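The chain contents come next:
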Amino acid sequence: SWPAQLGLGLCARCRNQYEVAIMHFMLAIRNAPQVPEPWFELAAEYRGAERWSEARATLRILLQNPEKAPAALLHLGYTARAEGRRDEALEIFREGAEKFPHFAQFMLEIANEAQNEGDFAEAMVWLRRCAQVDEMAVQAWRQLGDIAATAMNFEDALEMYRNAAERPDAPPGLFAAIAQVLTDLGRLDEAWQELDAADRRFDHHPDLAQKRIFLLRRAGFRREALALAREALKAAPTHFSLWCEWFETERFSGDFQSIETCVEQAPPSSRFEHALVQNVRGQIAAQRWELDAAEAAYQEALRLHPTLDGVHISQAMVSLLKCDTESVFRHLKIATELQAPKKKLQGLPARPSQTHIGQLVDEFVLDAELLEALVPIQTLPAAERIAPLLGMARVHPDHTPAAMLLLLAIRQAGWFKCLPGAGESLIPGAIVQFWADAPPQDVKELMQSWRLNNPHRPYYLFNENSAAGFLQSRYPAAVLQAYRSAREPALQADLFRLAWLYSEGGCYADADDRCMDKIDDLLAPPARFVACQEEFATLGNNFLAAVPRHPVIECALKFAVTAINRGDHDMIWLGTGPGLLTRACAHALATSPQPLEAMLAELRILSRHELEQIVAAHCAARYKTTNRHWVRSYFGARQLGKI
């Protein structure tokens, strides 16, 4: 019977058996040619396989039936869109809106095309028309809210989501969106109340569990998020979005067996979801620094779904670490084009050079001779790359790519081994943080976590003035001059942390990091310097610990003061953040009078999952959705406001 054949086709799709799916859909059509569902599924399968002419031919048969014609025309528009023929898709949707004014989905798709072109005013006109049609009202209001939320106009977004929530057919995911925008507004208590009320209404729907996990994870409650994710998947093992959230929560647990179990239990049911699973496999490989395996997984994900912008970015990152700059530029260009409408809405430039990876690849190609020297080095086994990269770091201390690739080689060779030993820490016990003025409430709460989990340690919070006073009392005028020349609070914080650690030693933590446990094990001997290695193989500076006058901190402070007073205008990440710290570490290793093995024995360079057992890095905070965030300032973003 046709329902059985249709079901078998859908099962085959879930198993990634696309030819088998096509066969079953054809059998369903042969058994019941008057039923539209198998026709649409067959067309969708042809679309996924990029068999465009067959998809169109299938749909044109349905156009002959007046009852099926509106939906068939709609799917023809979907086919043109998937093929990248957006102008043709728009023409089809406009034709449908004119011929079938009662079929409001055409208006929604016209709005989607306007959004894709960055014409948000036009999109909102069509969405407001859709909102007047009962069966489309919820979707239209939600999409209006999504536009406002993407533009960071959170009050407007909340109003539009509330309009949708008043409808009796409002879905659980809408209330998850309301909780998210309340969180973005800093109204955390209301967000949890919204989820609690929705749980009572929808009997703990997986969409609501997914949002709880996300909010807990982003707030830095990683253990609570992971426990909830594991429990929620038991109740809804086939909910793909919930599974994605489980993976994001599990991936830095440090339990690679649980991570593999998570991936094995992935429940994809479409080509798009199979592509996302491949992306997950690439992320795990990259986390293990297995770059070839990561690249293979990303390429398979893009074969299945070429328009996944996040996968193009991940591939660009891997290509950067393999010195394949052509690949970086190619994937970054595609990702930037795909993200252009969103960036326009947020007031950010949609140019490859105006991205983090764009800035880094520019560093690689800036010196063609050094890049030419790096490329053959990257073909060597990890341990054999270390000596030539040390030589480059010694001669070219300001070359970020050589420093990045040196730390990558050391990691891949397994030479970052500084296991906690017995005895008293060599690193002083103080914990230091910085906020230029009065910290907002959500930042205060994150800062308080360091005191609560480490009551036995001295704690100091500096502001713009007290930090300047410290620098004036400890350093020559050039350091204070650099601090006062800093354009951004983030730059001031970068400079101050280096100055404090060099003079006093101890532990510095960014204001958006949550401490989840005591930090004693991180600072245990024989460590004299502690940092975390990020996805670019660079050293993050959000959590740092060191003995006074450590050579890495000394190099970083000297480089930073010189660059700022010279008037350099590098991206903060490169000039005074992780890029600087990476160059300083590479130069200190290259010029140390100690043997390399002896110095490495005193460096505790943590993997991300190792740090995440104690410190939840880069937590969500209200200021990050405002113009106060340094990224918006550096990349020349417009002021946030009405669309």
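Note that this is a predicted model, so its numbers are computed, not measured.

What counts and how
All chains use their own residue numbering, which begins from 1 and follows the written sequence. pLDDT decides what is reported in this predicted model: residues at 70 or higher carry local features, side-chain atom pairs at 80 or more are listed and counted, and totals for whole chains, interfaces and linings draw on all residues regardless. Computation of side-chain values: all heavy atoms of the structure, hydrogens and water removed. Secondary structure elements follow DSSP: runs of H or I of four or more residues count as helices, runs of E of two or more count as strands, with numbering from the N terminus. Computation of the radius of gyration draws on C-alpha atoms alone. For the globule rule, the value is 2.2 Å times the number of residues to the power 0.38. The buried label goes to any residue with under 20% of its type's maximum accessible area, the exposed label to any with over 50%, and the partly exposed label to all in between, with areas taken from a 1.4 Å probe on protein chains only. A contact between two residues is defined here by any heavy atoms of the two lying within 4.5 Å. Methods summary: accessible areas were calculated by the Shrake-Rupley approach with a probe of 1.4 Å, and residue burial reflects only the protein chains presented. Here, a salt bridge means any side-chain nitrogen of Lys or Arg that lies within 4 Å of a carboxyl oxygen of Asp or Glu. Note on definitions: the grid is 1 Å and covers protein atoms alone; a cavity is a set of points where a 1.4 Å probe fits but cannot get out; a pocket is an open set with protein on both sides within 12 Å along at least five of seven lines; lining residues have an atom within 4 Å of a point. Grid points are joined across faces, edges and corners, and a volume is the space filled by probe spheres set on the points. Polar here means any residue other than Ala, Val, Leu, Ile, Met, Phe, Trp, Tyr, Cys and Pro, which are nonpolar, and Asp, Glu, Lys and Arg, which are charged; Gly is therefore polar. If DSSP finds at least two bridges between two strands, the strands pair. With axes taken as lines fitted to C-alpha atoms, and helix axes fitted only over the stretch in contact, angles between N-to-C directions fall between 0 and 180 degrees. As used here, the term nonpolar core means buried Ala, Val, Leu, Ile, Met, Phe, Trp, Tyr and Cys residues forming a set that is joined through side-chain atoms within 4.5 Å. One less than the residue count of a helix, multiplied by 1.5 Å, gives the span that helix is expected to have. One fitted axis covers the seven residues ending at a residue, a second covers the seven starting there, and the bend at that residue is the angle between these axes. Handedness of a crossover: with both strands directed away from the viewer, a clockwise path from the first strand across the helix to the second marks it as right-handed. Without a salt bridge and with relative accessible area above 30%, a residue can belong to a patch; like charges are then joined within 9 Å and nonpolar side chains (Val, Leu, Ile, Met, Phe, Trp, Tyr) within 5 Å. Positive charge is attributed to Lys and Arg, negative charge to Asp and Glu, and no charge count is given to His or to the chain ends. Every charge is mapped to an atom, namely NZ of Lys, CZ of Arg, CG of Asp or CD of Glu. Stacked, edge-to-face and tilted labels apply to pairs of Phe, Tyr and Trp rings (six-membered ring for Trp) whose centres lie within 6.5 Å, assigned for plane angles under 30 degrees, over 60, and everything in between, in that order. Both a distance and an angle decide whether a charge sits over a ring: NZ of Lys or CZ of Arg must be within 6 Å of the ring centre and within 35 degrees of the ring normal. Note that the arc is computed from the directions linking the helix axis to the C-beta atoms. Whenever a nitrogen or oxygen atom comes within 3.5 Å of another N or O atom, the pair is scored as a polar contact, on the condition that within protein one atom can donate a hydrogen and the other can accept it, and that pairs from neighbouring residues in sequence are kept only if both atoms are in side chains.

## Looking at the overall build of the chain
Line of reasoning, step 1. Counting its secondary structure elements, the chain contains 34 helices and 8 strands.
Line of reasoning, step 2. Computed over C-alpha atoms, the radius of gyration of the chain comes to 27 Å, within 12% of the 26 Å expected from 2.2 N^0.38 for 643 residues, which places it in the range of a compact globule.
Line of reasoning, step 3. Buried residues in the chain amount to 56% of all 643 residues.
Line of reasoning, step 4. For the chain, restricting intrachain contacts to residue pairs at least 6 apart in sequence, the fraction spanning at least 24 positions comes to 67%.
Line of reasoning, step 5. Total accessible area computed for the chain in this model is approximately 27,500 Å², and 52% of it derives from carbon and sulfur atoms.

## Some details on the pattern of salt bridges
When the charged atoms of two side chains lie near each other, side chains of opposite charge can form a pair.
Line of reasoning, step 1. Using the criterion set out here, one finds 38 salt bridges in the structure.
Line of reasoning, step 2. Arg-51 is the salt-bridge partner of Glu-19, the closest N and O atoms lying 3.1 Å from each other. One end of the pair, Glu-19, is in helix H2 (residues 18–31); the other, Arg-51, is in the loop between helix H3 (36–48) and helix H4 (52–63), with 32 residues separating them in the sequence.
Line of reasoning, step 3. Judged by relative accessible area, Arg-51 falls into the partly exposed class, the value being 24%.
Line of reasoning, step 4. Arg-457 is the partner of Asp-520 in a salt bridge, and the nearest nitrogen-oxygen pair spans 3.1 Å. A residue pair is termed long-range when its members are at least 10 positions apart, and Asp-520 in the loop between strand S4 (514–515) and strand S5 (529–533) and Arg-457 in the loop between helix H25 (441–453) and strand S2 (459–462) qualify at 63 residues.
Line of reasoning, step 5. Here the salt bridges do not stand alone but share partners, grouping Arg-56, Glu-83, Arg-85 and Glu-88 into one network.

## Some points on empty space enclosed by the protein
Line of reasoning, step 1. Applying the stated criterion to the full structure yields 1 cavity of 30 Å³ or more.
Line of reasoning, step 2. When its volume is computed, the largest cavity comes out at roughly 40 Å³.
Line of reasoning, step 3. Asp-494, Arg-497, Leu-498, Asn-541, Ala-556, Thr-576, Gly-577, Leu-580 and Leu-581 are the residues that line the largest cavity.
Line of reasoning, step 4. With 3 residues, the single largest contributor to the lining of the largest cavity is helix H28 (residues 489–503).
Line of reasoning, step 5. Its residues placed into classes, the lining of the largest cavity shows 4 nonpolar, 3 polar and 2 charged.

## Notes on the sheet that holds strand S1 (residues 431–434)
Line of reasoning, step 1. Here we have 6 strands laid out as an open sheet, ordered S2-S1-S3-S6-S5-S7, and mixed in their pairing. Strands with a single pairing partner mark the edges of an open sheet, and in this sheet they are S2 and strand S7 (603–606). Taken over all neighbouring pairs, the strand axes of this sheet differ in orientation by 25° on average, direction set aside.
Line of reasoning, step 2. In the sheet, S1 pairs with strand S3 (residues 506–509) via 2 bridges, with the strands oriented parallel. Its bridge partner being in S3, Ile-431 is matched across the sheet by Cys-507.
Line of reasoning, step 3. Most of the contacts of helix H31 (residues 578–591) go to strand S6 (residues 539–546), to which it runs at about 55°, and overall it touches S5, S6 and S7.

## Details of the nonpolar core
Line of reasoning, step 1. With 121 residues, the main nonpolar core has Trp-243, Phe-434, Phe-496, Phe-529 and Leu-589 as its most contacted residues.
Line of reasoning, step 2. Ile-29, Ala-104, Tyr-161 and Ile-178 belong to the second largest nonpolar core, which has 72 residues in total.

## A look at helix H23 (residues 382–395)
Line of reasoning, step 1. End to end, H23 covers 21 Å across 14 residues, agreeing with the expected 20 Å (1.5 Å per residue, within 8%).
Line of reasoning, step 2. Helix geometry: H23 is bent most strongly at Pro-388, by close to 25°.
Line of reasoning, step 3. Where H23 is buried, its residues meet helix H22 (368–377), helix H24 (400–412), H31 and helix H32 (596–600).

## Remarks on the pairing of S1
Line of reasoning, step 1. Neither face of S1 is open: one carries Ile-431 and Gln-433, the other Val-432 and Phe-434, and all of them are buried.
Line of reasoning, step 2. As paired strands, S1 and S2 are joined by 4 bridges and run parallel to one another. What sits directly across from Phe-434, in S2, is Phe-462.
Line of reasoning, step 3. Viewed along the sheet, the connection from S1 through H25 into S2 turns out right-handed.

## Regarding a negative patch on the surface
Line of reasoning, step 1. Together, Asp-87, Glu-91, Glu-117 and Asp-119 make up a region of like negative charge exposed at the surface.
Line of reasoning, step 2. With respect to the element layout, Glu-117 can be found in the loop between helix H7 (105–116) and helix H8 (120–130).

## Observations regarding the packing of aromatic side chains
Line of reasoning, step 1. As enumerated under the stated definition, the model contains 16 aromatic pairs in all.
Line of reasoning, step 2. When the centroid spacing of 5.6 Å and the interplanar angle of 45° are considered together, the rings of Tyr-460 and Trp-500 count as tilted. Taken together, the residues span a long stretch of sequence, with Tyr-460 in strand S2 and Trp-500 in helix H28 at a distance of 40 residues.
Line of reasoning, step 3. Exposure remark for Tyr-460: the relative accessible area of 38% places this residue in the partly exposed category.
Line of reasoning, step 4. Accessibility expressed as a relative area gives 8% for Trp-500, which makes it buried.
Line of reasoning, step 5. Connected via pairs of aromatic rings, a cluster forms that spans Phe-434, Tyr-460, Phe-462, Phe-470, Phe-496 and Trp-500.
Line of reasoning, step 6. Taking the ring centre of Tyr-18 as reference, the NZ or CZ of Arg-271 above it sits at 3.9 Å.
Line of reasoning, step 7. The side chain of Arg-608 reaches across the aromatic face of Phe-252, ending 4.1 Å from its centre.

## Regarding unusual backbone geometry
The phi angle of most residues is negative, glycine excepted, and most peptide bonds adopt the trans form.
Line of reasoning, step 1. Residue Pro-525 is joined to Pro-526 through a cis peptide bond whose omega torsion reads 10°.
Line of reasoning, step 2. Within the secondary structure, Pro-526 is located in the loop between S4 and S5.
Line of reasoning, step 3. Positive phi, close to 65°, is recorded for Cys-323, a residue that is not glycine.
Line of reasoning, step 4. Tracing the backbone through its elements, the reader meets Cys-323 in the loop between helix H19 (309–321) and helix H20 (325–346).

## Structural notes on H22
Line of reasoning, step 1. Taken together, the buried positions of H22 are occupied by Leu-370, Leu-371, Leu-374 and Ile-377. Taken around the axis of H22, the buried residues stretch over an arc of 115°, which confines them to a single face. Of the exposed residues in H22, the ones pointing more than 90 degrees away from its buried face are Ala-368, Glu-369 and Glu-372.
Line of reasoning, step 2. Of the surrounding elements, those touching the buried residues of H22 are H20, helix H21 (356–366), H23 and H24.
Line of reasoning, step 3. Of the residues flanking the start of H22, the one acting as N-cap is Asp-367, its side-chain oxygen 3.2 Å from the backbone nitrogen of Glu-369.

## Remarks on the side chain of Gln-315
Line of reasoning, step 1. Along the chain, the position of Gln-315 falls in helix H19.
Line of reasoning, step 2. Beyond its immediate stretch of four places on either side in the chain, Gln-315 contacts Glu-295, Tyr-298, Gln-299, Ser-327 and His-331.

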